[in-house]
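Structure at a glance
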Amino acid sequence: MTDQNVMIEISDLTKIYGLLPVLKSLDLTIYQGEFVALLGPNGSGKSTLLRLMSGLSKPSQGTIRIGGWEIPSEAMAVRAQIGMVSHKPLLYENLTAYENLNFFAKLYNLSAEVRETRIAELLRQVGLHKRADSLVRTFSRGMQQRLSIARALIHEPDVLFFDEPYTGLDQDAGDMLYGLLKDAHNTQRTIIMTTHQLQRVPQLATRAIILSRGKIAYQDNVEQLSANELATIYTQATGVASTR
Ligand code: ADP
Ligand code: MG
């Protein structure tokens, strides 16, 4: 496999809420192993695009293919290969960390043996192995975020969507997230992450896509850019100062 395998193919994608066009005829190709930072002002459609790609919302027009499967007609097959971390932790507060992961692992039909191994491994990776048997409602926002990440990785998806994963995390949790994102990227996963923290982008992402007024206002490789250069590009593309 090469980096040039197409993982996500979006064509003429349009999303209209009522009379409000949020995404206007978007075309976009994302290759296997890319780490895409999806940027843009509040309301520019970043979360909408992630929700469309994860089959949680239906396009008004246009097509999305992930790993060769089409959304929404083959949404089940698509869901098996994606993991999503959104603003909402999507966890059961009255279950323990272990029970949460076990529940989702069962949804993906993982065998008992695989579940045990993978849950133990993931809890260690996100630094929650000592809290495996604590109820999620006793967890801080950072701990819940870490568990959400473990949940998103439980079925070893090829594609990961992160919607503002840094929001609400303290420095330590942010550093841990950085390590997890790097690991996921190093294992050839395709990652799309929205964020307002432009300083994180060149360290992590290979490509930045800036949405503005329902269209892609800018996209390019960002590995060689400084955070300041990216902030300037962002302001030019959106007409809005970046919040950094
Ligand atoms: P971002 O994540 O970039 O801040 P969103 O994708 O959340 O932007 O929202 C884009 C636009 O779509 C906003 O104007 C928002 O109010 C609108 N929107 C998002 N979800 C819905 C919905 N379920 N119903 C109606 N409007 C929505
Ligand atoms: Mg959003």
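Predicted model only: the values in this text are computed from it and were never measured.

A few words now on helix α1 (residues 46–53). Along α1, six of the eight residues are buried, which leaves the element largely enclosed by surrounding structure. Listed in full, the buried residues belonging to α1 are K46, T48, L49, L50, L52 and M53. Remark: G55 follows α1 within two positions and exhibits a positive phi of approximately 75°.

So, on to the domain arrangement of the protein. Along its sequence, the protein is carved into domain 1 (1–81 + 157–244) and domain 2 (87–156). Between the C-alpha centres of domain 1 and domain 2 there is a distance of 24 Å. Taken together, the contacts link 18 residues of domain 1 with 13 residues of domain 2. Roughly 1,300 Å² is buried in total at the junction of domain 1 and domain 2, and carbon and sulfur atoms are behind 64% of that figure. Taken as a group, P157, M176 and L180 account for 36% of the area that domain 1 buries against domain 2, more than any other trio of residues on that side. At the junction of domain 1 with domain 2, the criterion picks out zero salt bridges. Across the contact surface, domain 1 and domain 2 share three residue pairs in polar contact (both at pLDDT 80 or more). Those elements that provide at least two residues to the side of domain 1 that touches domain 2 are α2 (75–80), β7 (159–163) and α6 (171–186). When residues in the side of domain 1 that touches domain 2 are grouped by element, the largest group, four residues, is from α6.

Summed over the entire model, instances satisfying the criterion amount to three salt bridges. With a closest N to O distance of 2.7 Å, R207 and E34 form a salt bridge. Placement of the pair is R207 in strand β9 (residues 207–212) and E34 in the loop between β2 (20–31) and β3 (35–39), with a sequence separation of 173 residues. When sorted by exposure, R207 lands in the same class as E34, which is buried. A salt bridge links R65 to E70; its shortest N-O distance comes to 3.0 Å. On the accessibility criterion, R65 (34% relative accessible area) is partly exposed. Overall, E70 belongs to the partly exposed group, its relative accessible area being 23%.

Turning our attention to the environment of I8. Relative to the elements of secondary structure, I8 occurs in strand β1 (residues 6–17). For I8, a relative accessible area of 0% corresponds to the buried category. Sequence separation between I8 and V159 is 151 residues, and the spatial gap between their C-alpha atoms is 9.1 Å. With sequence-adjacent residues up to four places away left out, I8 is seen in contact with L28, T29, I30, M53, R65, I66, V159, F161 and I192.

Read from one edge of the open sheet, six strands run β6-β7-β8-β3-β9-β10, paired in mixed fashion. What marks the edges here is a single partner per strand, and that holds for β6 (82–85) and β10 (215–221). Strand-to-strand twist in this sheet, taken as the mean axis angle between neighbours without regard to direction, amounts to 15°. As paired strands, β7 and strand β8 (residues 190–194) are joined by five bridges and run parallel to one another. Across the sheet, D163 pairs through a bridge with T194, a residue of β8. The sheet contacts of helix α5 (residues 141–153) involve β6 and β7, and relative to β6 the element is tilted by about 170°. The sheet contacts of α6 involve β3, β7 and β8, and relative to β8 the element is tilted by about 145°.

What follows deals with the layout of surface pockets. Here the largest pocket is characterised by a volume of approximately 510 Å³. Residue lining of the largest pocket: 16 residues in total, with R79, I82, F104, L107 and Y108 positioned closest to the centre. Looking at the lining of the largest pocket, the elements with two or more residues in it are α2, β6, α3 (97–107) and α5. Tallied by class, the residues present in the lining of the largest pocket amount to 10 nonpolar, four polar and two charged. Among the domains, domain 1 (1–81 + 157–244) and domain 2 (87–156) are the pair contributing at least three residues each to the lining of the largest pocket.

Attention now goes to the environment of D220. Relative to the helices and strands, D220 resides in strand β10. Once you skip the residues sitting within four places of it in the chain, D220 turns out to touch T206, R207 and A208.

Cut-offs used in this document
- Residues numbered from 1 in each chain as written.
- Chains lettered and ligands numbered in written order.
- Predicted model: local features only at pLDDT ≥ 70, side-chain atom pairs only at ≥ 80, totals over all residues.
- Heavy atoms only, no water.
- Buried < 20%, exposed > 50% of the residue type's maximum accessible area, 1.4 Å probe, protein only.
- Helix = DSSP H or I, 4+ residues; strand = E, 2+ residues; numbered from the N terminus.
- Domains from an automatic or database assignment.
- Contact = heavy atoms within 4.5 Å.
- Buried area = accessible area lost by both parts, 1.4 Å probe.
- Salt bridge = Lys/Arg side-chain N within 4 Å of Asp/Glu carboxyl O.
- Polar contact = N/O pair within 3.5 Å; in protein donor to acceptor, adjacent residues only side chain to side chain.
- Pairing = 2+ DSSP bridges.
- Axes fitted to C-alpha atoms, helices over the stretch in contact; angles between N-to-C directions.
- 1 Å grid on protein atoms, 1.4 Å probe; cavity = no way out; pocket = protein on both sides within 12 Å on 5 of 7 lines; lining within 4 Å.
- Points joined across faces, edges and corners; volume = space filled by probe spheres on them.
- Nonpolar A, V, L, I, M, F, W, Y, C, P; charged D, E, K, R; others polar.

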